[in-house]
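A structural walkthrough
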Amino acid sequence: PRILKYIIDNKGRPVSYESGKTGVVAKDIHLTIDKDLQAIAEKAIKDQVEEFEAVRAGIGVIDTSTGEILAIANYPTFDPNEVKKSKAENRKLSFVSDPFEPGSTFKTFTVASALEHKIARPDTNYFCEQGRLKVEDHIISEADSNKKHEWLSMEEILRYSSNVGTTKIAFDLTYPKLKTTIDLFGIGKKTGIEIPGESRGIFTNEKNVSPLSLSNISFGQGVATTGIQMLAAYAAIVNDGVYIPPTMIKNSKRERL
């Protein structure tokens, strides 16, 4: 014997589906999404995209102690009741599926690596070359050309988002040590979140890189991450350095790193 149930589609038509066989006890699955936070997140991301005329953007809210995703969205999106009216690229969760260069948000990992390997302390000072540093045949400059920093502590380098300062930290650190930290943060790997189409991003597997590549990677260029990767990595920092893979399933047992 079978159990048949009916649901009503958006046009009011009954649709039958097989629920399961008699005698089989099914388990309920509870999502971690908080409907109120989800509504707030969806409105916030829509407002920001429209205000700044962005192509697209994503947002995620995570419980740092459990890895549970409380809200996740991107905009533009689509109406699941009228799928044919939407563009194909808007039918996926780009926060999970589309890699991008993280830019200055990646500097946090370079600083964290220097602290972890005891290369520098928060008050260690670096001369930031008045905003211009020659590396190989290229000039590393600050995002804001008006910033002509001289001596900055490592804490100030992060606060003022100095490309030159972050490069100097990375040079003291060396790439093998930086890569060890980046690997532990899950960069270049799928988080395993229960959403199809997740990308692992783009990150080199080389044991060492050129000085110019090291400089670029240290401040988030030459590497591509996903929104969910960055969310999980930052959650680890908040969670006293314990990385917990993100999950959409309530009470999911995930391995801590």
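Report on the accompanying structure. (Residues numbered from 1 in each chain as written. Predicted model: local features only at pLDDT ≥ 70, side-chain atom pairs only at ≥ 80, totals over all residues. Heavy atoms only, no water.)

**A closer look at helix α8 (residues 227-238)**
Its 12 residues give α8 an end-to-end C-alpha distance of 17 Å, which sits within 8% of 16 Å, the value for a rise of 1.5 Å per residue. The buried fraction of α8 amounts to nine of the 12 residues, a majority that puts the element mostly inside the structure. All of the buried residues along α8 are G227, I228, Q229, M230, L231, A232, A233, A235 and A236. Here the buried face of α8 lies against β3 (57-62), β4 (69-75), α2 (94-97) and α3 (107-116). Trailing α8 by a residue or two, D240 shows a phi angle of about 55 degrees, which is positive. (Helix = DSSP H or I, 4+ residues; strand = E, 2+ residues; numbered from the N terminus. Expected span 1.5 Å × (residues − 1). Buried < 20%, exposed > 50% of the residue type's maximum accessible area, 1.4 Å probe, protein only. Contact = heavy atoms within 4.5 Å.)

**Things to note about the pairing of β3**
Of the pairings in the sheet, the one linking β3 to β4 comprises six bridges and is antiparallel in character. Of the residues in β4, the one forming a bridge with G60 is I72. The turn joining β3 and β4, which pair antiparallel and follow one another in sequence, is formed by six residues; a positive phi near 80 degrees is taken by G67. (Pairing = 2+ DSSP bridges.)

**Let's talk about the environment of T204**
By secondary structure assignment, the location of T204 is in the loop between α6 (175-184) and α7 (211-218). Spatially, the C-alpha atom of T204 lies 10.0 Å from that of A224, the residues being 20 residues apart in sequence. In this view, T204 contacts Y175, K179 and V209; residues no more than four positions away in its chain are not counted.

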